[in-house]
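Chains, contacts and geometry: an overview
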Amino acid sequence: MIKFVLMVNRQGQTRLSRYYQPVELSRRAALEADVVRCCLTRKKDQCSFVEYKDFKLVYRQYAALYIVVGVTDTENELSIYELVHNFVEVLDKYFSRVSELDIMFNLDRVHIILDEMIQNGHIVETNKSRILAPLTALDKMADG
Amino acid sequence: MSDVVEKTLTALPSLLSLDSQPGSAKLSSTSKLGNLIRGITELTSKHEEEKLIQRELASIKEQVSSPNTSMMKELMVRAIYCESLGYEASFSYIHAIKLAQQGTVLEKRVGYLAVSLFLNESHELLLLLVNTVLKDLQSTNLIEVCMALTVVSQMFPKDMIPAILPLVEEKLNHPKEIIRRKAVLALYKFYLIAPNQVQHIHNKFRKALCDKDPGVMTASLHIYLQMIQENPEGYKDLTASFVTILKQVVGGKLPMDFNYHSVPAPWLQIQLLRILSLLGKNDQSTSEIMYEVLDESLRRAEMNHNITYAILYECVKCIYTIHPKSDLLEKAAKCIGNFVLSPKINLKYLGLKALTYVVQQDPKLALQHQMTIIECLDHPDLIIKRETLELLFRITNAQNVTVIVEKMLEFLHSNTDDYTTIDLVGKVAELWFIETMNTVFSVGGDMMQPDIPNSFLKLLSEGFDTVEEDRKLRLFAVDSYVSLLQGEPGKLPQRFLQVISWVLGEYSHLREELEPATVMRLLAKLLDMKQTSSETKSWVLLVFQSAQEVSETYGSSMDTVLRQRAQELQHLSQDCELRARVLPQDAGLEPLEVDSSLSFLDGFVSEALAAGAAPYKPPHQRQEELAQAKALSLEPYGLSLPISMSSCSIADRQSPTLLSMSSGLSGDSTDLSHKGSSTTLKLDGVKRVWGREGYLAQREAVEEAAQVEVPSPLRSPSQQAEADSSHSQTPTPTPTPEPDQEKQQLASSLFFGLSSQSSVCLMGKSEPTPQRFRRKAKGQASSSGAAEQISNSLVSAPSAVDNFLCNNLLDSNITSQVGISSSEQTSELSQGPATTNGTCDTEAESTDGDIKGSNPSLIIGDNGLVAADPTPHKDPGSPKDFCLSSHLPAELSELCRSEITPLCSNQSLGLSACHVHKEDSLVLVVFITNSSDAAIRQILLDLDSEQLQVIYHDVTSHSVAMHQFSLTVKRPSVHVEVVGMVSYQLPVGTPQESLTLCRFSCRPLTVSTEEYGTMWLSFSHDTKQNLTLISDGEEPLTATLNVLKEKLQLHIVEIIGMEGIIACQLLRDQPCLMHCRVHADVLAVWLRSPVPDLPDCLIYHCQRALQEH
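Residues numbered from 1 in each chain as written. Chains lettered and ligands numbered in written order. Predicted model: local features only at pLDDT ≥ 70, side-chain atom pairs only at ≥ 80, totals over all residues. Heavy atoms only, no water.

Cut-off, in case you're wondering: UniProt positions are given in the numbering used here, feature names are shortened, and annotations may be inferred rather than shown by experiment.
Under an unreviewed UniProt entry, the name given to chain B is AP-4 complex subunit epsilon, and the organism recorded is Lates calcarifer. Checking UniProt for chain B, the heading Sequence similarities (unreviewed entry) contains the comment "Belongs to the adaptor complexes large subunit family."

Per an unreviewed UniProt entry, chain A is named AP complex subunit sigma, and its organism is Lates calcarifer. Regarding chain A, the relevant UniProt record gives this comment under Sequence similarities (unreviewed entry): "Belongs to the adaptor complexes small subunit family." Its UniProt record, at the heading Subunit (unreviewed entry), says of chain A: "Adaptor protein complex 4 (AP-4) is a heterotetramer composed of two large adaptins (epsilon-type subunit AP4E1 and beta-type subunit AP4B1), a medium adaptin (mu-type subunit AP4M1) and a small adaptin (sigma-type AP4S1)."

Laid out in structure tokens, this is it:
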């Protein structure tokens, strides 16, 4: 099961966070800082999965941006690792050549995309066009 | 597609200067959100962040209360930002709900989003959302229905479910798939939070499972996985449906857009496999239904992509969970081999995880991979080590426990993470402490000093650091003892039995499923046994504090001690108050204080003296008196005198032996010193079990075992070769590297105990032993091959360097002038790759995520300054191939090389590079041009890959310095990146430039068709893939091959009809062969190479080359 999805940059600033298990707001910053430290200290040739407390972190780096997913031990790490890439591919399709700034300026849309893919810590949709369908419909209505 | 992602994301650091960016252009410069984002990106300290966000929150608060709905959406996003940085914006919660209620469609969605981010499921404000949801569910606008269902499936107040349930149910019949799908997900949410609310609609779930739309069906699987987890028996009838679905998915029956990297709906496959493993567990007939589709899944997942491995992992797990079928197990075992032997570290990890799971069902499987496991144990990456220890923990047995615990302790020494430490310490304690003590007790037995069991029990009762640890340890002890007693307790030494009975008496209640009666029965069996000594019986009796009938039987026993215990028991069982005082529940937790002066008896003594009793005499005095009185020594009898228990009733059950010793001190009748010395005497003949480093006998035993285990063929390479060749099916013998001997020994000690039963071989071969050795040899072959590749730094670089990308990471103290010039470079250079070689290999993640980075491992001579004519440059950024090439050393200038490409420059310094194909290596040449009038001092060229640093002292004005790096890459990969940085000292500032280089290159390999044939057969690594054909006028096959030849420098060996063969090589001895056949509209390509990842790399580049054409 997925516990959270984070997008963090190299400086350790959180760009996006989504928790699927309740974590108090006051504890999130510390947790995120800790998680980022875990991933940033790792070299490129090291495993993309890290043990963190009683769960695992799966992370993937895109330029200066890290996407970190916290999963329980029973989860299939490699499938999550690819899910992250699928997510980035969806973003890339939507923003056509996504950049960190796209994510920052469209935080709401990125969240909407993520909500289509993951709910309650489970993967609910991976089909790119279906993930984007509600959002593109919204955009069309807003334009028209 | 994905390369685009990587490319744009690579350029990001430079994008952060916000102006002139498309993203920011959309927002007006006065936009509050724009300001916030700008503020956030410019933050340098936590303090600044706090100031910024507090200011922002104040501003949001002010605006949010003035009813200006056009701003509301932006305000919400800003509030989300503040919260995601950890600052509470609770004042905005109610506004989020309002926005969801009143806003336009997009605003509504943002309102719902903010609600789902801000509130948790029990927040009272959530109730205010119910009406909005109700209204939206009834809306005629599908988008509104859709978003209402989305928010419901994320969070909804449990008590309000009945209010919307009918509406959601109704949506299950909606004509649009997306509405049906979201309705199913909403029902899943209801099932999670209030399962009984949706009980009546289980048949509707079935309908969803059979929905004609795959998306709706997928959504329903979430519910089924959950329900089957809770009650697998209730859904066995659906097995055939799940199998059919999986069969269709695997067979590619789903629409194309469900594919991910041409694998059909991988996550759906994984979900189905999980469901099947739950259904097939411990159920032969259900398992039989799924054998075929599992076999098919294993077979289909041949493509070399992470996601297929993710599916394979799930498949293997399923095969090992359900009722076993031998040929499937065999295939799954082989599959695990591919994982653990993979050079990709993520796959290795997953392989170890699979193996950890699998060895619990079949420990022998660990044997096949023992050498890999040993290697992983020394892996530099902690997570791999940790996973390996987890695996070892599962295969621990009495024979290998010492070695495994040693490894765990080693890891603990280097570990800093608290959580891991706690976990491992627990495991070590479990394994080692109890297991070792079991052995100590069984071996040492009655010859042992009585204080050994005493201190053991004391340790166990006083515990360690945490309550949880203690509980686990005690539980483990209880489990282990119960199983011992269920075996043959008659063979156990008396002292051990005493320990066992004490532990069971104290802690058996910890194991809840263990009935007290069972323990009692086991212990009572001890009482009935002839060989049980009376002392042991008294320990056992202690356990039966409440068992009256037992105490009655023994109350009339002839043995005084037994009688006393039984009497005490009876007494205690009749007097509850006394029992509570004497035997407090958790007394074991506090260390017992023993009053060795026995002052509490003073009153009793004086009373007795007053009544005329003889005063106490110390033992030696008594001895003397006795000796004087009679010439005969009474010594032999001293031992057999029963130990008095007179003071027992005052103490609790803590540890009877301790008490009997203290009563011995009271000098009743036993000569303690005597007893002690006689025990030591007896012990002399026994092997010492404890030494400085721990348990001695155990280790010796293991070492002996190791020698038995590793027969000579494995020790000497030549003999091994002979042994290998004697088996006809053996692969080419490889000499065993010397250091491996140590590992072999370690292996045999680690896997000892597993091997003894290895005659049942999974691979189904009849000769178990040679089979095992053969496999070992194979493992070595590949590992030593890899080592060769790494160590030989002269044979190098399958992937090469062509292109430099430059990003400036400027220090803040650099003058604005430099800043401007650098941003120009950035834009220029981000176009760079596209124009120069048209391949722009900045992408790696999608194909080969984990292999990145090369090692500039050698600096070959000629470094330092090359004296050169001062060449005045008007424009330092433009290519000066001609001028610079004159700086190439003679031995390089004649070789094939890439263009010299400028990397980056500023007014004073220019950087260019090229790569040269040497016969046996790839040389990266970097030119540093000083175009200023002054000398530049202390230039540092710093390549990131290995912190390789080259220092030039100075470059005089208008001159060029050149430097060579020989590149070695450990494995071929699609993408190689070398990042570097140049820093130098000018009179002003320290600008730093960073560079990235990447490119894949290969060279033609000229061979004849016959040579090709022989080579083809000898290569082991292959990949098959379909490529698109190019058809511009010419015959398509020839046209396509010519494009490949041109772009990738391949050699076309021959084209016969619809087939063609091609050869190329990265370096000498790293060839890759390609066989193509036109098949309908596609080109079916089959690649083979002796180098593991090379076919995959090459196919990737072929695809790109054709795409770009």
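**Topic: the overall build of chain B**
Rules: Each helix is a run of DSSP H or I of at least 4 residues and each strand a run of E of at least 2, with the numbering of both proceeding from the N terminus. Three exposure classes are used, based on accessible area relative to the maximum for each residue type with a 1.4 Å probe and protein chains only: buried under 20%, partly exposed in between, and exposed over 50%. By the convention used here, residues are in contact when the closest approach between their heavy atoms is within 4.5 Å. Computed by Shrake-Rupley with a 1.4 Å probe, the accessible areas treat only the displayed protein chains as cover when residues are assessed.
Of regular secondary structure, chain B possesses 50 helices and 20 strands. A buried classification covers 53% of the 1109 residues belonging to chain B. Pairs at least 24 apart in sequence give 66% of the contacts found in chain B among residues at least 6 apart. Summing over all exposed atoms, chain B offers an accessible surface of approximately 50600 Å²; the carbon and sulfur share of this is 54%.

**Some details on the interface of chain A and chain B**
As a measure of interface size, the accessible area lost when the parts come together is often cited. Rules: The term buried area means the drop in 1.4 Å probe accessible area that two parts suffer when joined, counted for both and summed. Salt bridges, as used here, are contacts in which a Lys or Arg side-chain nitrogen is within 4 Å of a carboxyl oxygen on Asp or Glu. What qualifies as a polar contact is a pair of N or O atoms within 3.5 Å, subject to a donor-acceptor requirement within protein and to the restriction that residues adjacent in sequence count only when both atoms come from side chains. The nonpolar class holds Ala, Val, Leu, Ile, Met, Phe, Trp, Tyr, Cys and Pro. Asp, Glu, Lys and Arg form the charged class, and all remaining residues, Gly among them, are polar.
Each partner contributes residues to the interface: chain A has 73 residues there, and chain B has 92 residues. Of the roughly 7300 Å² buried where chain A meets chain B, counting both sides, 58% is carbon and sulfur surface. A salt bridge links Asp213(B) to Arg130(A), with the nearest nitrogen and oxygen atoms 2.8 Å apart. Across the contact surface, chain A and chain B share 29 residue pairs in polar contact (both at pLDDT 80 or more). With eleven residues, helix H2 (residues 77-95) of chain A is the largest single contributor of residues to the side of chain A that touches chain B. Class assignment of the residues belonging to the side of chain A that touches chain B gives a composition of 26 nonpolar, 20 polar and 27 charged.

**A short note on the pairing of strand S3 (residues 49-52) of chain A**
Residue and element names in this part refer to chain A. Heads up, the rule is: When DSSP finds two or more bridges between a pair of strands, those strands are recorded as paired.
Direction of pairing for S3 relative to strand S4 (residues 55-62): antiparallel, over a ladder of four bridges. From the neighbouring strand, Phe 49 faces S4, where its bridge partner is Val 58. Counting the residues between successive antiparallel strands, the hairpin from S3 to S4 contains two residues, one of them, Lys 53, with a positive phi of roughly 50°.

**Focus: the pattern of salt bridges**
Taken as a whole and assessed by the stated rule, the structure comprises 36 salt bridges over all chains. With a closest N to O distance of 2.7 Å, Asp295(B) and Lys331(B) form a salt bridge. Placement of Asp295(B) in helix H17 (residues 284-300) and of Lys331(B) in helix H19 (residues 326-340) is noted, with a sequence separation of 36 residues between them. Residue classification places Lys331(B) among the partly exposed positions, given a relative accessible area of 35%. One network of salt bridges, with partners in common, ties together Lys56(A), Asp73(A), Glu77(A), Lys353(B) and Glu387(B).

**Regarding helix H15 (residues 239-250) of chain B**
Residue and element names in this part refer to chain B. Note the cut-off: Helices are assigned an expected span. That span is 1.5 Å times one less than the residue count. To be clear, the arc concerns the directions from the helix axis to the C-beta atoms.
Look at H15: 16 Å from first C-alpha to last across twelve residues, which is about the 16 Å you get at 1.5 Å a residue. Those residues of H15 that fall on the buried side of the exposure criterion are Thr 239, Phe 242, Val 243, Ile 245, Leu 246, Val 249 and Val 250. In an axial view of H15, the angular spread of the buried residues amounts to 160°, which keeps them on one side of the axis. Where H15 is buried, its residues touch helix H13 (202-209), helix H14 (214-230), strand S2 (263-264), helix H16 (266-280) and H17. With its phi angle positive at about 75°, Gly 252 sits one or two positions after the end of H15.

**Side note on the sheet that holds S3(A)**
All names here are of chain A. Selection rule: For helices, the axis comes from a line fit to the C-alpha atoms of the stretch in contact; other axes are also lines fit to C-alpha atoms, and the angle between any two N-to-C directions lies between 0 and 180 degrees.
Spatially, the five strands line up as an open sheet ordered S2-S1-S5-S4-S3, and their pairing is antiparallel. Strand pairing shows two members of the sheet lacking a second neighbour, strand S2 (14-19) and S3, which therefore form its edges. Sheet twist, expressed as the average angle between the axes of neighbouring strands with direction ignored, equals 20°. Bridge count for strand S1 (residues 2-9) against S2 is five bridges, and the pairing is antiparallel. If you follow Val 8 over to S2, its bridge partner there is Thr 14.

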